[in-house]
Amino acid sequence: MASVLVVEDDQFVRSALIRHLTEASHTVRSVGTALEALREVAHIGFDVVILDLGLPDLDGAEALKMLRGVTDVPVIIATARDDEAEIVRLLNDGADDYLTKPFSVEHLSARMSAVLRRARGAVAGGEAPSGVVRVGGLTVDPLRRRAALDGVALDLTRREFDLLAFLAGRPGVVVARRELLAEVWQQSYGDDQTIDVHLSWLRRKLGETAASPRYLHTLRGVGVKLEPPR
Ligand code: CA
């Protein structure tokens, strides 16, 4: 159960979202412009904001920047544009996740839970160095630098471990390649191939392939996410 702000100017999409979220026992408020959204978040503490990119008053990227200026509430971008470059840019600019319209209620719920889990984990110190992270059958212990899959220890290189620990700390969240480079490789610029190579090594150790992923899912041109197998 979460308190949700829906920022959407399309009456039809808006009512559908409100209905579905309310049915899922979330508390929902909704506005149709970016400026109203700013006013709302300045006064009410929401758990998550669902932000439509095509708003009548402000460009989505601008709206996100202004929201980020006043709050660090998790923001899920809802976009009709299947524009990878823009999605990557928005993820780098502080969006927590995105959905491409039309999306299903199940899809939205999954994204929301992941984002909320991450936010609550961060507040509760779930990403503290001593915190052991569990995702499905995967266990990652950042302090002891140990990882196991289904109870069997994984033999990982330093970089593979860092990559796995970073992704496991944000299950279900798509991490942009640039963010991986910055956080795992501590580089502001680098070759995508570096990431791909390490991902493929890590995949092999997790006993999966890119063609039939279990934990590691690559979204071409966007990034990668780790989530429990379905
Ligand atoms: Ca719109």
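Look a little higher up for the structure.
Predicted model, so just to flag it, every value in this text is computed and none were measured.

Draft legend 1. Main features of the overall build of the protein chain. Secondary structure assignment for the protein chain yields 8 helices and 12 strands. In terms of C-alpha radius of gyration, the protein chain reaches 18 Å, essentially the compact-globule figure of 17 Å for 230 residues. Counting only residues that meet the buried cut, the protein chain has 47% of its 230 residues in that class. Sequence-distant contacts in the protein chain: of pairs separated by 6 or more residues, those separated by 24 or more amount to 55%. Only carbon and sulfur atoms are counted for the fraction: they give 51% of the accessible area of the protein chain, which is about 11,600 Å².

Draft legend 2. Region of the structure containing the coordination of the calcium ion. Those protein atoms acting as donors to the calcium ion are D9 (OD), D52 (OD) and G54 (O), and they sit at 2.2 to 2.4 Å. When the donor residues of the calcium ion are listed from N- to C-terminus, their spacing reads D-x42-D-x1-G.

Draft legend 3. Seen up close, the nonpolar core. Counting 29 residues, the largest nonpolar core has L5, V7, V49, L51, V75, I77 and L91 as its most contacted members. Breaking this core down by element, the ones donating at least two residues are β1 (3-7), α2 (34-43), β3 (48-52), α3 (60-70), β4 (75-79) and α4 (84-92). In this structure, this core is formed jointly by two domains, domain 1 (3-119) and domain 2 (133-226), each of which donates at least three residues. Excluding residues that lie within four positions of it along the chain, L91 makes contacts with D96, D97, Y98, V174, A176 and V222. By size, the runner-up hydrophobic cluster in this structure holds 28 residues, among which are L138, A165, L202 and L206.

Draft legend 4. Broad picture of the sheet that holds strand β2 (residues 27-31). Reading across from one edge, β2-β1-β3-β4-β5 is the order of the 5 strands in this open sheet, with parallel pairing throughout. At either margin of the open sheet sits one strand with a lone partner, and together these are β2 and β5 (97-100). Strand-to-strand twist in this sheet, taken as the mean axis angle between neighbours without regard to direction, amounts to 20°.

Draft legend 5. The packing of helix α7 (residues 177-184) against helix α8 (residues 192-205), seen in detail. At their nearest, the axes of α7 and α8 sit 10 Å apart, and the two run at 80° to each other. The angle between the axes of α7 and α8 places the two elements in the roughly perpendicular class. Mapping the contact onto sequence places R177, L180 and L181 in α7 and D192, I195 and D196 in α8. Grouping the constituent residues of the contact of α7 with α8 by class yields 3 nonpolar, no polar and 3 charged.

Draft legend 6. Quick peek at the sheet that holds strand β12 (residues 223-226). If you trace the 3 strands from one edge of the open sheet to the other, you get β10-β12-β11, paired in antiparallel fashion. Strand pairing shows two members of the sheet lacking a second neighbour, β10 (175-176) and β11 (216-219), which therefore form its edges. Judged from the 2 bridges that link them, β10 and β12 form a sheet pairing that is antiparallel. Residue pairing for β12: V175 is matched across the bridge by V224.

Draft legend 7. Spatial organisation of the packing of helix α6 (residues 158-168) against α8. Remark: α6 packs on α8, axes separated minimally by 10 Å, with the N-to-C direction vectors making an angle of 85°. Classed by the angle they form, the pair α6 and α8 counts as roughly perpendicular. The segment α6 lies against α8, with R159, E160, L163, L164 and L167 engaging H198, L199, W201, L202 and K205. Broken down by class, the residue content of the contact of α6 with α8 amounts to 6 nonpolar, 1 polar and 3 charged.

Reading the values: the criteria
- Residues numbered from 1 in each chain as written.
- Predicted model: local features only at pLDDT ≥ 70, side-chain atom pairs only at ≥ 80, totals over all residues.
- Heavy atoms only, no water.
- Helix = DSSP H or I, 4+ residues; strand = E, 2+ residues; numbered from the N terminus.
- Rg over C-alpha atoms; globule rule 2.2 N^0.38 Å.
- Buried < 20%, exposed > 50% of the residue type's maximum accessible area, 1.4 Å probe, protein only.
- Contact = heavy atoms within 4.5 Å.
- Areas by Shrake-Rupley, 256 points an atom, 1.4 Å probe, with all protein chains shown as cover.
- Donors = N, O, S within 2.8 Å, 3.2 Å for Na, K, Ca; no water.
- Core = buried A, V, L, I, M, F, W, Y, C linked by side-chain atoms within 4.5 Å.
- Domains from an automatic or database assignment.
- Pairing = 2+ DSSP bridges.
- Axes fitted to C-alpha atoms, helices over the stretch in contact; angles between N-to-C directions.
- Parallel < 35°, antiparallel > 145°, perpendicular 65-115°, else oblique.
- Nonpolar A, V, L, I, M, F, W, Y, C, P; charged D, E, K, R; others polar.

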